[in-house]
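# Coordinate analysis (summary)
Here are the chains, one letter per residue:
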Amino acid sequence: IVNLGGLTQAHVGSDAALSAQNAVRVEATASNRVDVDAYGGTILGAVGLGAQVAIINDWTDQRAFLEESANVVRAASLTVRAYGNRDHEAVATGFAGNVVSAGAAVSRVNVSGEVIASIGNHAQIGGLAPGLTVGDVTVAAESDVLADGLAQAVVAGIGAGNGTVARRHTERWR
């Protein structure tokens, strides 16, 4: 079982003032890749029991923002961007070959969290004097999720039973 949680954050504080000749970029980016594999088995015994479990839980957050009353007085451009990339795979494989056999394989990938980019209320973009301008303004929140799960269980014997569960769950981000 792998649990990922945390916050990647970039922000400009309240009442801060920024001025630049070139671009101002406020970016929070995180990329998580996890592969979990669980394999096991029993063979040639009187009784065989097996269980393989591969679970990934990812609830990481990415946030990029200008707080309330932050000021970007001058810049060629302003970018506020949050990006989250999650690529996860969980594989559970089991085998039991005995006179009496039972096996189970469980694979789960759960992904949730927030990806937020924003400019706070009363933030000022561009100065109040001539020549204090900000070019293009971009605010973007992007998320890429690839979640795969595979569960396989094979049992053989006079008394044999197995179960498999593969589940992928993603929650919508704002």
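In what follows, the accompanying structure is described. (Residues numbered from 1 in each chain as written. Predicted model: local features only at pLDDT ≥ 70, side-chain atom pairs only at ≥ 80, totals over all residues. Heavy atoms only, no water.)

## Focus: the overall build of the protein
Scanning the protein from N- to C-terminus turns up zero helices and ten strands. Along the protein, helices (α) and strands (β) appear in the sequence β-β-β-β-β-β-β-β-β-β when read from the amino end. Principal-axis analysis of the C-alpha atoms places the extent of the protein at approximately 90 × 25 × 20 Å. Classification of the 174 residues of the protein by burial places 37% in the buried group. (Helix = DSSP H or I, 4+ residues; strand = E, 2+ residues; numbered from the N terminus. Buried < 20%, exposed > 50% of the residue type's maximum accessible area, 1.4 Å probe, protein only.)

## Some details on the pattern of salt bridges
Inspection of every chain in the model, using the stated rule, returns eight salt bridges. R63 is the partner of E114 in a salt bridge, and the nearest nitrogen-oxygen pair spans 3.1 Å. Of the two residues, E114 sits in the loop between β6 (100-111) and β7 (115-119) while R63 sits in strand β4 (residues 47-66), which places them 51 residues apart along the sequence. Look at E114 and you get buried, because its relative accessible area is 19%. Sharing partners across several salt bridges, the network here consists of R25, E27, R81 and E142. (Salt bridge = Lys/Arg side-chain N within 4 Å of Asp/Glu carboxyl O.)

## Quick notes on the side chain of D61
Secondary-structure assignment places D61 in strand β4. Of note is the side chain of D61, whose polar atom sits 3.4 Å from the side chain of R63. Contacts of D61, omitting those with residues within four sequence positions, involve G6, L7, T8, R86, G113 and E114. (Polar contact = N/O pair within 3.5 Å; in protein donor to acceptor, adjacent residues only side chain to side chain. Contact = heavy atoms within 4.5 Å.)

## Thoughts on the pairing of β6
Looking at chain direction, β4 and β6 are connected through twelve bridges and run parallel. Residue pairing across strands places I55 opposite R108, the latter belonging to β6. Pairing geometry for β6 and strand β10 (residues 159-170), over twelve bridges, is parallel. Within the sheet, the bridge partner assigned to R108 lies in β10 and is R167. (Pairing = 2+ DSSP bridges.)

## A few points about a nonpolar patch on the surface
On the surface, V47, L49, V99, V100 and I158 cluster together into a nonpolar patch covering about 540 Å² of accessible area. Mapped onto the secondary structure, V47 falls in strand β4. (Patch = residues over 30% accessible without salt bridge, like charges linked within 9 Å, V, L, I, M, F, W, Y side chains within 5 Å. Areas by Shrake-Rupley, 256 points an atom, 1.4 Å probe, with all protein chains shown as cover.)

## Describing the nonpolar core
L66, V72, L78 and V80 are the most contacted members of the largest nonpolar core, which has 16 residues in total. Among the elements of the structure, β1 (2-12), β3 (23-43), β4, β5 (71-97) and β7 are those that each provide at least two residues to this core. In this structure V72 touches L18, V24, L66, L78, Q124, I125, G126 and V134, once residues within four positions along its chain are discounted. By size, the runner-up hydrophobic cluster in this structure holds 13 residues, among which are V34, A105, V109 and A153. (Core = buried A, V, L, I, M, F, W, Y, C linked by side-chain atoms within 4.5 Å.)

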